[in-house]
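The lines below spell out each chain.
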There are 2 protein chains.
Amino acid sequence: MAKELKDLTKRSVDYSRWYNELVVKAELAEQADVRGCMVIKPYGYAIWERIQQSLDAMFKETGVQNVYFPMLIPKSFLSREAEHVEGFAKECAVVTHYRLKANPDGDGVVVDPAAKLEEELIIRPTSETTIWNTYKKWIHSWRDLPLLYNQWCNVMRWEMRTRLFLRTSEFLWQEGHTAHATKQEAEERAKQMLKVYADFAEKYLALPVVQGVKSETERFAGALDTYTIEAMMQDGKALQSGTSHFLGQNFGRAFGVQFVNKENQLEYAWATSWGVSTRLMGALIMTHSDDNGLVLPPHLAPIQVVIVPIYKTDEDLEKLNTRLREIETELRKRGIRVKYDNADNKRPGFKFADYELKGVPVRLVMGARDLEEGTIELMRRDTLEKETRAAEGIEDYVEKLLEEIQQNIYCKAKTFLDEHIYECSDYEEFKTRVKDGGFFLCPWDGTAETEARIKEETQATIRCVPFGVSQENPGTDMVSGQPAKYRVLIARAY
Amino acid sequence: MAKELKDLTKRSVDYSRWYNELVVKAELAEQADVRGCMVIKPYGYAIWERIQQSLDAMFKETGVQNVYFPMLIPKSFLSREAEHVEGFAKECAVVTHYRLKANPDGDGVVVDPAAKLEEELIIRPTSETTIWNTYKKWIHSWRDLPLLYNQWCNVMRWEMRTRLFLRTSEFLWQEGHTAHATKQEAEERAKQMLKVYADFAEKYLALPVVQGVKSETERFAGALDTYTIEAMMQDGKALQSGTSHFLGQNFGRAFGVQFVNKENQLEYAWATSWGVSTRLMGALIMTHSDDNGLVLPPHLAPIQVVIVPIYKTDEDLEKLNTRLREIETELRKRGIRVKYDNADNKRPGFKFADYELKGVPVRLVMGARDLEEGTIELMRRDTLEKETRAAEGIEDYVEKLLEEIQQNIYCKAKTFLDEHIYECSDYEEFKTRVKDGGFFLCPWDGTAETEARIKEETQATIRCVPFGVSQENPGTDMVSGQPAKYRVLIARAY
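Residues numbered from 1 in each chain as written. Chains lettered and ligands numbered in written order. Predicted model: local features only at pLDDT ≥ 70, side-chain atom pairs only at ≥ 80, totals over all residues. Heavy atoms only, no water.

Enquirer: Would you take a moment to explain the relation of the copies chain A and chain B for this structure?
Expert: To go from the first copy of the chain to the second, apply a rotation about an axis and then a shift along the same axis. At an RMSD of 0.0 Å, chain A and chain B line up after a rotation of 180° and a shift of 0.0 Å along the axis. Taken together, the rotation and translation describe the operation of a two-fold axis. Distance from the rotation axis, computed per C-alpha, reaches its smallest value in chain A at V95(A): 2.1 Å. When the interface residues of chain A are mapped onto chain B, 100% of them are again interface residues, pointing to one common binding face. (Least-squares fit on C-alpha atoms with pLDDT ≥ 70 in both. Contact = heavy atoms within 4.5 Å.)

And the structure:
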């Protein structure tokens, strides 16, 4: 086994270190030279591209179009919506000057004090403010509505503690911003986009999620309701994987976006916004991978099948090349992403370990004897099971197997999630058990005080009021002893 | 004809105003609230997405992979390469703080002076410096080479005079950054990527270009050679549409990127970089469009065919819907992007003018009488020609016609380009004629002095030493009277 692999910390030893090492060793990303930022490497970016393409197609099916708004936002825009500025002011990168000049006192360059901006600009932490200031020009009548726009871009939120993909100062994401003529339509859109996220997570990331609505404390700054999908990592912690916000008329009002409605009256436009980010990469990695490295869902794997010949002589290699190139071609015809690796500067054992580390779903290996006997060895990454099969017809088998693997890793994650959701209405029990991870379905009195106390005493937070859970007779709040208003999911989270 | 169209300034009246108006009226982009930046609207972004997808596929065919590097660059990185800092320092947006706080003296937020960065960060104007500082960690041996990476991202160059798409402070682009073990390989890659740009321009943008190499004055800051594609706009001015740079060992040396070569000796890595930007949108618009609006090449048009029914009664509409939806479906099956517009809140005349303005290549119109007679009216946007044809089999005809239109607008632009390249070796003649536009093939003595004088006296610049033009006996420099070193193309440019 290759050296790199031996070095990968086991999950059971230190889950957090395992993750950090895996991201780097699998060549997904690394720390950049700028504090808190990351470099996304080719293999990581190839996964992100598939996420983008798949999700983008799903957005477009719902009528969404892409646009691009500037990354710099006048400082004053941020203050227009009171809660919004509260939420983001503390983590804004601020542009104050627009020129450098040669250092008069020595080497290098310095900021040119003559090039100070009249009003500082911030790098977008999210774009509601600049977009709604523009929507003012685009929206006049109910006939102009809805606007269903999205952008794929970078954003910046100055973070003190960062982790690759999970929390970085700069990250890549999409942000959808819609404007509607009625409250109902906006609320429906916010929920619709959450469903798109949940479907995408399930079908592509093989990620089961809990859908629900955030508590007031955990809402997006400026939202009336924040809907969320929450995934469970292998350590039982929650990872908020996507959010969709019903913004009411807050931004419409803050930016004066009024329209003439069907009743011929002036009304503020209704808004939603919704986003997922490169954080999804973190969810993907942490949910499925194992002590040997990444396990990638076939629908997103940049390489779905790797084919490796094993040979001693050039003559053997030549024969193997001929047969294996046929298989490669057949797989490609089926739209499967294949890599044929007959490089002679690496031993097969090294290649095997490397493709395991990189999470390639299916490995095909053929040696001289296989060729004679018409067989081929197949290894599936999710279970690490090997089998030898007839080479004839292997393409059909692989095509089906890829779907089976996609299903299997989803089911495995779903079983894990289901097995780690506990009902709990005793705070002492909760305090003990929450340390081991899992989602706890608990009665909550709906007060911010109780919520704060739970967070302070257990580092766990209310993840959401989950959909599909009966809210009738929620019982007694486990902390305050007051009548509960909701059953909520509580967990420690990334 | 719709009001908007009547308002479009004619090219012959004011070409520059025509362009500015067209970009806004066709809803491609508009000025943002932040000085010098733009909002790219859905229709404009849909074209940019097609540019991205097509070009990205061409990059990948040459072995290039996508990555993502941070948008912020430590100020000191910029100074490492002497010419580079010279070229970019004057237009850098500078981040100096990372937090805002409530204004102690009143409303809103102010920059928190306690959150001053130790070292200022600049928003990337281009990413050679940060990428090469990272390549240092990735390159140790010739076995690590080549690196063939590209990123699609936003960049910022503070511009004083901006124009939508052509010159904006923030713009979208791709920047490729490759590292090689040999000078020859790097030079070949730089030329290869220029050819990719030229092929892309021809096949997708229908844009004929002149390929060549820049004079030393016009080179990218830090390059040994800058290759360029130059397009000609309808006013005869040049638009630099893409550049590819051979950077030699400049960045390898500046950032200490050394590797052990095949001879087991330490050597600095060889570099290229290459980019095209949203400026291509400007080239696309200015090259083909006319007084009625955009003319889009079918390969990039978001809507390739629009179908409009003309009806008086609901009964007519119903029948037309049935027939036209069949045609729509058939066209879609062929992979053609179709819009069926039977909206009843706009008159046909308005629709026609709007789709002309938006440059939809083919329009199909059917009325009740057409339906009876089995005919359909077809209009092609490039020539504005109308014809009535049998509706049966129209799909095959349209499929071929789209290719014909693509060819036709390319040929038209190519003829225009060819007819406006003049040989000229008399400076007085040049000074008179250059005002009317066109590319002038002139003998040049190769000195920066002559180049500067031409620029000062005529506002024209040396666009390139064009490939495929004989450089034997270039004659006598038309300005200095000295023996010429090259035949160069000179033109006024955007």
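Enquirer: Please explain the sheet that holds strand 17 (residues 305–310) of chain B as it appears in this structure.
Expert: Strand pairing within a sheet occurs via backbone hydrogen bonds; the two strands may be parallel or antiparallel. Residues and elements named next belong to chain B. The five strands are arranged 18-17-19-20-21 in an open sheet whose pairing can be described as mixed. Across the chains shown, the open sheet's two edge strands, defined by having one partner strand only, are strand 18 (338–340) and strand 21 (386–390). With strand direction ignored, the average angle separating the axes of adjacent strands in the sheet is 25°. Bridge count for strand 17 against strand 18 is three bridges, and the pairing is parallel. For I307, the partnering residue across the bridge sits in strand 18 and is Y340. The strands touched by helix 10 (residues 314–333) within the sheet are strand 17, strand 18, strand 19 (362–367) and strand 20 (375–380), with strand 17 carrying the most contacts at an inclination of about 170°. Most of the contacts of helix 11 (residues 348–357) go to strand 17, to which it runs at about 170°, and overall it touches strand 17, strand 18, strand 19 and strand 20. (Pairing = 2+ DSSP bridges. Helix = DSSP H or I, 4+ residues; strand = E, 2+ residues; numbered from the N terminus. Axes fitted to C-alpha atoms, helices over the stretch in contact; angles between N-to-C directions.)

Enquirer: What exactly am I supposed to notice about the environment of A390(B) here?
Expert: Residue and element names in this part refer to chain B. With respect to the helices and strands, A390 occurs in strand 21. Here A390 falls in the partly exposed class, since its relative accessible area comes to 44%. As for A390 and E419, which are separated by 29 residues in sequence, their C-alpha atoms are 39 Å apart. Other than its neighbours up to four places away in sequence, A390 contacts G374, T375 and I376. (Buried < 20%, exposed > 50% of the residue type's maximum accessible area, 1.4 Å probe, protein only.)

Enquirer: Help me out: how do you make sense of the pattern of salt bridges in this one?
Expert: Pairing is possible between side chains of opposite charge, provided their charged atoms come close. If you walk through the whole model with that rule in mind, you get 72 salt bridges over all chains. Residues K431(A) and E428(A) are paired through a salt bridge, measuring 3.5 Å at the closest nitrogen-oxygen approach. Residue K431(A) and its partner E428(A) are located together in helix 14 (residues 427–433), separated by three residues, close to a single helical turn. In this structure, the salt-bridge partner of K351(B) is D341(B), at a minimum N-O distance of 3.4 Å. Of this pair, K351(B) sits in helix 11 while D341(B) sits in the loop between strand 18 and helix 11, and the two are ten residues apart along the sequence. Like K351(B), the residue D341(B) is buried in the burial classification. (Salt bridge = Lys/Arg side-chain N within 4 Å of Asp/Glu carboxyl O.)

Enquirer: It is not clear to me how the packing of aromatic side chains should be interpreted in this structure. Could you clarify?
Expert: Each aromatic ring pair is described using two quantities: the centre-to-centre distance and the angle formed by the ring planes. Enumeration according to the criterion identifies 42 aromatic pairs over all chains in this entry. Seen from their ring centres, W48(A) and W152(A) are 6.0 Å apart, and the 75° between their planes marks the pair as edge-to-face. Of this pair, W48(A) sits in helix 3 (residues 42–61) while W152(A) sits in strand 9 (residues 147–156); the two residues are 104 residues apart in sequence, bridging distant segments of the chain. Here W48(A) matches W152(A) in class, with each residue buried. Linked through ring pairs, W48(A), F59(A), W152(A), Y197(A) and W274(A) together constitute an aromatic cluster. Its guanidinium or amino end placed over the ring of F352(A), R363(A) lies 3.9 Å from that ring's centre, counting from NZ or CZ. Residue placement shows R433(B) over the ring face of Y422(B); its charged tip is 4.3 Å from the ring centre. (Phe/Tyr/Trp six-rings, centres within 6.5 Å; stacked < 30°, edge-to-face > 60°. Lys NZ or Arg CZ within 6 Å of the ring centre and 35° of its normal.)

Enquirer: Which parts of the structure should I look at to understand helix 10 (residues 314–333) of chain A?
Expert: Three or four residues apart is the spacing at which side chains of an α-helix point the same way, because the helix has 3.6 residues per turn. Residue and element names in this part refer to chain A. For helix 10, with 20 residues, the first-to-last C-alpha span of 28 Å sits near the 28 Å given by 1.5 Å per residue. Among all positions in helix 10, only L317, L320, N321, R323, L324, I327, E328 and L331 are buried. Note on helix 10: the residue one or two positions beyond its end, G335, has a positive phi of about 80°. (Expected span 1.5 Å × (residues − 1).)

By themselves, these are just geometric observations and shouldn't be taken as functional.
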